[in-house]
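Okay, here's what each chain looks like letter by letter:
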Amino acid sequence: MREILLHEPLDMHLHLRDGAMLRTFAPLSAHSFSGALIMPNLVPPVTDGEMVRAYRRRILDAVGDAVFEPYMTLFFKPEYNREFLEPLTEEITAIKLYPAGITTNSEGGVEGFEIDALAPALEAMSTLGIPLCIHGETGGFVMDREAEFVPIYEALADAFPDLTIVMEHITTAQSVAALDRHPNLYATITLHHLLITLDDVAGGMLRPHLFCKPIAKRPEDREALLEAALNAHPKVMFGSDSAPHPRHAKEAPGCAAGVFTAPIALPVLAELFSRHEKLENLQHFVSNNARQIYDLNPPKKTVRLTETPMRVPERYGDVVPLFAGEEIGWSIDSVEIE
């Protein structure tokens, strides 16, 4: 029976929602992860220090005694400046930029990407060492949106060479290639984008619980993501983009975008990396790279995973997870806190 010890696993793109959903789903991530980068697209979005502090308190209350660090983010606004941001440098880990209306709760995002309009905020972030995370999609044809955004990533990387820019939940070979062209570009990759293509979502009967944004792409795109993740590319890190939506919002007209993976992410990743004979690289993907890119010192936690089958629950609350009701080949054996 194979096994692996993962030290300080991190989820660098996580949606925890708020209220009752937060209280249900935050403990599921806190059980096996040392920390996570928490997305700010609540209603209303997290846009100032008071909101950051209040949301962090609600997360810590929800996880109870679990050892878990919520790395907080702000919802990007072009009017942010150094005077506003400097007092927050010890309270936020990054700022998340959404194009307006491109995904869940992003209506207050950026309307255009004129560099001159964004420059004051991005220069302040560069000076203060605050990373910029971007949901990189245009409003074009859905399969082309991320590829069309790559030139914007590259223009921002060139214009602000001291700014750490994280391309969030990348799905295309073009985004992977951009990593090696710009020293300040990095990326997160989700579990589901390592596993599925658009054919899995809509090639037969429509599977709403696999619908997400960015939408899953072509087999060659998935292969590029796998190549980067499995081979411990130093500029990619795990970000689940785990996004719980109640069943009625997924199995409905106007299906909500998001795949819920947080409770099973580490076992499925272990199974995936093991199948490709790359298990030794999983530590880099789920922890080491993120710690270096973000300069993090997460709480000490060791997760022991073994090649022991487990059946994924049909529901977590009213949310259907990836592989609901199916058997997966690995499971969490123990979690140790130092």
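Note: the structure precedes this text.
Presented here is an overview of the structure given in this document.

Criteria and thresholds
- Residues numbered from 1 in each chain as written.
- Predicted model: local features only at pLDDT ≥ 70, side-chain atom pairs only at ≥ 80, totals over all residues.
- Heavy atoms only, no water.
- Core = buried A, V, L, I, M, F, W, Y, C linked by side-chain atoms within 4.5 Å.
- Buried < 20%, exposed > 50% of the residue type's maximum accessible area, 1.4 Å probe, protein only.
- Helix = DSSP H or I, 4+ residues; strand = E, 2+ residues; numbered from the N terminus.
- Contact = heavy atoms within 4.5 Å.
- Polar contact = N/O pair within 3.5 Å; in protein donor to acceptor, adjacent residues only side chain to side chain.
- Pairing = 2+ DSSP bridges.
- Right-handed = clockwise from strand over helix to strand, strands pointing away.
- Axes fitted to C-alpha atoms, helices over the stretch in contact; angles between N-to-C directions.
- Parallel < 35°, antiparallel > 145°, perpendicular 65-115°, else oblique.
- Nonpolar A, V, L, I, M, F, W, Y, C, P; charged D, E, K, R; others polar.
- 1 Å grid on protein atoms, 1.4 Å probe; cavity = no way out; pocket = protein on both sides within 12 Å on 5 of 7 lines; lining within 4 Å.
- Points joined across faces, edges and corners; volume = space filled by probe spheres on them.
- Salt bridge = Lys/Arg side-chain N within 4 Å of Asp/Glu carboxyl O.

Quick look at the nonpolar core
In this structure, Phe76, Leu282 and Phe285 are the most contacted members of the largest nonpolar core, which totals 93 residues. In this structure, Ala94, Val166, Tyr186 and Leu296 belong to the second largest nonpolar core, which totals 16 residues.

Concerning the environment of Thr190
Turning to its location among the elements, Thr190 is positioned in the loop between strand 9 (185–189) and helix 7 (191–195). Given a relative accessible area of 0%, Thr190 falls into the buried group. On a C-alpha basis, the gap between Thr190 and Ile170 in space is 7.9 Å, while along the polypeptide they are 20 residues apart. If we skip the residues at most four places from it in the chain, Thr190 touches His169, Phe238, Gly239, Ser240 and Asp241. Within the local environment of Thr190, its side chain forms a polar contact with the side chain of His193, the two groups lying 2.9 Å apart.

Here we look at the pairing of strand 6 (residues 94–97)
Burial along strand 6 is two-sided: Ala94 and Lys96 and Ile95 and Leu97, pointing in opposite directions, are all buried. Pairing between strand 6 and strand 7 (residues 132–134): three bridges, direction parallel. Looking across to strand 7, one finds that Leu97 is bridged to Ile134. In this region the chain leaves strand 6, passes through helix 4 (residues 115–128) and returns to the parallel neighbour strand 7; the handedness of that crossover is right-handed.

Thoughts on the sheet that holds strand 11 (residues 301–306)
The three strands lie next to each other as 1-11-14, forming an open sheet whose pairing is antiparallel. Both outer strands of the open sheet, strand 1 (3–7) and strand 14 (331–337), are each paired with one neighbouring strand and no more. Taking the axes of each pair of neighbouring strands and ignoring which way they run, one obtains an average angle of 20° across the sheet. As judged from the five bridges shared by strand 1 and strand 11, these two strands associate in the antiparallel manner. Following the sheet pairing, Leu6 is matched in strand 11 by Val303. Helix-sheet contacts for helix 1 (residues 19–32) involve strand 11 and strand 14, and the interaxial angle to strand 11 is about 85°. Each of strand 1, strand 11 and strand 14 touches helix 11 (residues 265–275); the most contacted strand, strand 11, lies at about 55° to it.

Description of the packing of helix 11 against helix 12 (residues 282–294)
Running from amino to carboxyl end, helix 11 crosses helix 12 at an angle of 140°, the nearest separation of the two axes being 9 Å. Classed by the angle they form, the pair helix 11 and helix 12 counts as oblique. Taken together, the residues of helix 12 that come into contact with helix 11 (itself represented by Leu266, Leu269, Ala270 and Phe273) are Leu282, Phe285 and Val286. A class-by-class count of the residues in the contact of helix 11 with helix 12 yields seven nonpolar, no polar and no charged.

Regarding empty space enclosed by the protein
Taken as a whole and assessed by the stated rule, the structure comprises three cavities of 30 Å³ or more. Looking at the largest cavity, it is lined by 17 residues, and the ones nearest its centre are His15, Thr103, Thr104, Lys213 and Asp241. Split by residue class, the lining of the largest cavity holds four nonpolar, nine polar and four charged. A volume near 40 Å³ is recorded for the second largest cavity. His209, Ala243, Pro244, His245, Lys250, Gly258, Val259, Phe260, Val319 and Val320 together form the lining of the second largest cavity. Across the lining of the second largest cavity, the residue classes break down as six nonpolar, three polar and one charged.

Digging into the pattern of salt bridges
Inspection of every chain in the model, using the stated rule, returns 11 salt bridges. With a closest N to O distance of 2.8 Å, Glu91 and Arg53 form a salt bridge. Of this pair, Glu91 sits in the loop between helix 3 (82–85) and strand 6 while Arg53 sits in helix 2 (residues 49–63), and the two are 38 residues apart along the sequence. Note on Glu91: relative accessible area 27%, which makes it partly exposed. The salt bridge involving Arg181 is made with Glu154; its shortest N-O contact spans 2.8 Å. Separated by 27 residues along the polypeptide, Arg181 in the loop between helix 6 (173–179) and strand 9 and Glu154 in helix 5 (residues 145–159) bring together distant segments of the chain. By relative accessible area, Glu154 is classed as buried at 16%. Residues joined in a network through salt bridges with shared partners are Glu3, Arg304 and Asp333.

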